[in-house]
Amino acid sequence: MIGDDVFYASAADLNRRLKAKEFSCVELTRAYCDRLEKLGPKYNALALSLRKTALSKAKDIDGEIKRERFRGGLQGVPFAVKDLLSVAKFPTTWGAKPYATQVFDYDATVVKKLVKSGGVLIGKLAMVELAGGGGYRYPAASLHGPGLNPWDTGRWSGGSSSGSGSAVAAGLTGYAIGSETNGSILTPSAFCGVTGLRPTYGLVSRYGAMALSWTMDKLGPMCRSAEDCGLVLNAIAGGDDQDPGSAGKSFYYTPQYMRPAKEIRIGYAPSDFAGAPEGAVRSAFQAAFQVFQGMGFAPFKEVALPEEYPYGAVGSTIVNSEAGSIFEELIASGKVDELADQRQAQGLKAGLEIPAKDYLKAMRIRGLIQQAFREMFANVDILLAPARNNVAPVVTEPLDRMRAAAAGTAGPGRPAGLGALTTAGNLAGLPALCLPCGFADGLPLAVQLVGRPFSENLLLKVGVDFQARTDFHKRRPPVVG
Amino acid sequence: MRKLSRRGVFARAVAAAVVPQVVTLSSAQTPASSTKEEDMASARAAIASSSAALAKVKVPIATEPAFAFKAY
């Protein structure tokens, strides 16, 4: 019998129960497909069900398990991917009307790797159109409608990996793949209460993924635990000649080899926690901070990002310049006006007007920001900060103000401390782990851990330890039946 | 506060009326709160604002753009 305990189980647990023959892979896959097809549309999370091919694959997996041919911790676990990843012969819409009938004849590298690991691809998940390139104003900027949050369907699920966040939170898939250019894994993970990992730039191949910004795009897992993020990253990481941005590095999930907590130095900015909105939000962040303080780390150190850099302006100039070039043909054809969000359509067009001097200046400042992080990480190993400083906004609310605040461009002054960490970390290509850390008014809150390039094992170890002391990642939303 | 055109005021009123439906329609357009021209002006203003912010930063002359980008 497949019940709620199964739908909300971690990928590691699902794999263990498949091997113990508590249920077959076909039974598990069919149950998840039923749930994804039934509940996915209620959250505007489903782009495409792949039931037929999934059940065929599940049958093969059952045969492998019967013959005791085990492939690893993801074998037989159903998963779904953001609809910016190509799956051969099926539509890949990039969440946008102008690409609604687009079909590729090859699989994205991450899809190939997960299938090779024994994963069962059950569907493609909705997203903000073109991953938000150009700057959207409303959550409804998607071919599939606004991403609705399983914790409260009047709230946004976050973007641009909106369907990935909702689907993992509502137990519609074992785990999901999202993408991040400037917050698109962290934001929906934080708003939906799931554990998301933004890998180091270049660690995961982007071959077969829509490009929004060549120098900033990353793909990563969105799961129900930090351990699951490690298992998924283990499967999808690695060099790929087909991705020019590939770092050519491998990753093996080995948290057991990390140094003890007492040798790990955590950097934080007091203003990030004390300055959170008053009431339940601040209380939750402060309680989470106390949990970290009780984990036996070396004495915490106060840190802050340099205030002289306009992180938001640097990020938007780079993303908008590159996105304008990438979608030049769409813009020239006039089909860009078919996008659901007209502010986004005009933003893409305007991206072509950004002067070369500004793009180059932004790329030069980016180098200085990297240097600032390099100096910061000489004294600390991990940066700890809120992933978002508030709960998910109302789904009809314009996003301009929220985005500006996150990017560090909000007036009257830019946020102090690590307030611009999401944008700054993306500019420097750093890995980040988003961990659910509490609730305010029934909605999830999360912190982010940011580390040196390729320090994912360290972040995951701390994440696993935090989740051993808390149960926020295990809580279930009041799923609409 | 930005002055709205009559068309903009009308569009906002219409948007307010249709917003509840937008949430439940799977292929909904976003609320039309501004005209195409206003959206383009807003996008250009954002670019100008970013440009001004970038111009204020002094970059050492030896600093090269992060073209061959790698996480540091």
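Residues numbered from 1 in each chain as written. Chains lettered and ligands numbered in written order. Predicted model: local features only at pLDDT ≥ 70, side-chain atom pairs only at ≥ 80, totals over all residues.

Draft legend 1. Summary view of the overall build of chain A. The number of helices and strands found in chain A is 17 helices and 13 strands. When the backbone C-alpha atoms are referred to their principal axes, chain A occupies close to 60 × 60 × 45 Å. A buried classification covers 63% of the 481 residues belonging to chain A. A separation of at least 24 residues holds for 78% of the contacts in chain A among residues at least 6 apart in sequence. (Helix = DSSP H or I, 4+ residues; strand = E, 2+ residues; numbered from the N terminus. Buried ≥ 20, exposed ≤ 12 C-beta atoms within 10 Å, placed from the backbone. Contact = placed C-beta atoms within 7 Å.)

Draft legend 2. A look at the nonpolar core. Residues A:Ile122, A:Leu125, A:Ala176, A:Ile382 and A:Leu433 are the most contacted members of the largest nonpolar core, which totals 157 residues. A total of 7 residues in this core trace back to one element, the largest contributor, which is helix α8 (residues 226–236) of chain A. Not counting residues within four places of it along the chain, the set of residues in contact with A:Ile122 comprises A:Thr29, A:Tyr32, A:Cys33, A:Leu36, A:Leu50, A:Ala54, A:Pro78, A:Phe79, A:Ala80 and A:Thr173. Counting residues in each nonpolar core, the second largest holds 5 residues, with A:Ala350, A:Ile354, B:Ala43 and B:Ile47 among its members. (Core = buried A, V, L, I, M, F, W, Y, C linked by C-beta atoms within 7 Å.)

Draft legend 3. The confidence of the model for chain B, seen in detail. Residues and elements named next belong to chain B. With 49% of its residues at a pLDDT of at least 70, chain B reaches an overall mean of 68. Note on residues 6–28: pLDDT is under 50 here. Beyond four places in sequence and across chains, it has 33 contacts. With pTM at 0.92, the complex prediction returns an ipTM value of 0.90. (pLDDT = per-residue confidence, 0-100.)

Draft legend 4. Seen up close, the environment of A:Gly220. All names here are of chain A. For Gly220, the location among the structural elements is in strand β8 (residues 218–223). Along the backbone, Gly220 and Arg475 are 255 residues apart, and their C-alpha atoms lie at a distance of 22 Å. Beyond its immediate stretch of four places on either side in the chain, Gly220 contacts Gly178, Glu180, Ile185, Gly196, Leu197, Arg198, Pro199 and Val204.

Draft legend 5. Representation of the interface of chain B and chain A within the structure. Counting residues at the interface gives 33 residues for chain B, matched by 51 residues for chain A. Element by element, the count of residues in the side of chain B that touches chain A is highest for helix α2 (residues 36–55) of chain B, at 12 residues.

Draft legend 6. Representation of the sheet that holds strand β10 (residues 301–302) of chain A within the structure. Residues and elements named next belong to chain A. Judged by pairing direction, the sheet is mixed, and its 11 strands sit side by side in the order β1-β3-β2-β6-β8-β7-β12-β13-β11-β9-β10 without closing on themselves. Sheet topology places β1 (46–49) and β10 at the edges, where each strand pairs with a single neighbour. Pairing geometry for strand β7 (residues 195–198) and strand β12 (residues 432–440), over 3 bridges, is antiparallel. Looking across to β12, one finds that Leu197 is bridged to Leu433. Lying on the sheet, helix α4 (residues 51–66) is in contact with β1, β2 (78–82) and β3 (120–125); it crosses β3 at an angle near 160°. (Pairing = 2+ DSSP bridges. Axes fitted to C-alpha atoms, helices over the stretch in contact; angles between N-to-C directions.)

Draft legend 7. View of the packing of helix α13 (residues 342–351) of chain A against α2(B). Two elements in contact, α13(A) and α2(B), have axes separated by 8 Å at closest approach and are oriented at 50°. It follows that α13(A) is oblique to α2(B) by the angle criterion. Between α13(A) and α2(B) lies a crossing whose hand is right-handed. From α13(A), A:Gln342, A:Arg343, A:Gln346, A:Gly347, A:Lys349 and A:Ala350 reach across to α2(B), where they touch B:Lys36, B:Asp39, B:Met40, B:Ser42, B:Ala43, B:Arg44 and B:Ile47. (Parallel < 35°, antiparallel > 145°, perpendicular 65-115°, else oblique. Left-handed = near helix turned anticlockwise from the far one by under 90°.)

Draft legend 8. Representation of the environment of B:Lys36 within the structure. Along the chain, B:Lys36 falls in helix α2. The class for B:Lys36 is partly exposed, based on 14 C-beta atoms found within 10 Å. Considered as a pair, B:Lys36 and B:Ser49 are 13 residues apart in the sequence and their alpha carbons are 20 Å apart. Setting aside chain neighbours within four positions, we find B:Lys36 in contact with A:Gln342 and A:Gln346.

Draft legend 9. Helix α3 (residues 25–39) of chain A, seen in detail. Residues and elements named next belong to chain A. The end-to-end C-alpha separation of α3 is 21 Å, in line with the 21 Å expected for 15 residues at 1.5 Å each. All of the buried residues in α3 are Cys25, Leu28, Thr29, Tyr32, Cys33, Arg35, Leu36 and Leu39. The buried side chains of α3 occupy one side of the element, clustering within an arc of 165° when seen end-on. (Expected span 1.5 Å × (residues − 1). Arc of directions from axis to C-beta.)

Draft legend 10. Just the confidence of the model for chain A, in detail. Per-chain confidence: chain A averages 95 in pLDDT, with 96% of residues scoring 70 or above. For the stretch residues 408–413 of chain A, pLDDT sits under 50, and the model shows 14 contacts to residues farther than four places along the chain or on other chains.

Draft legend 11. Expanded view of unusual backbone geometry. Residue and element names in this part refer to chain A. Going from Gly159 to Ser160, the amide bond is cis rather than trans, its omega being 10°. Note that Ser160 resides in the loop between β5 (152–156) and α6 (162–169). Phi is positive for Leu130, which is not a glycine, with a value near 50°. Mapped onto the secondary structure, Leu130 falls in the loop between β3 and β4 (148–149). Of the residues examined, Leu130 has 29 C-beta atoms within 10 Å and is grouped as buried. Phi angles above zero are rare outside glycine, and Asp441 is one such case at about 55°. Its place among the elements puts Asp441 in the loop between β12 and β13 (443–451). Under the C-beta neighbour-count criterion, Asp441 is labelled exposed, with 11 such atoms within 10 Å.

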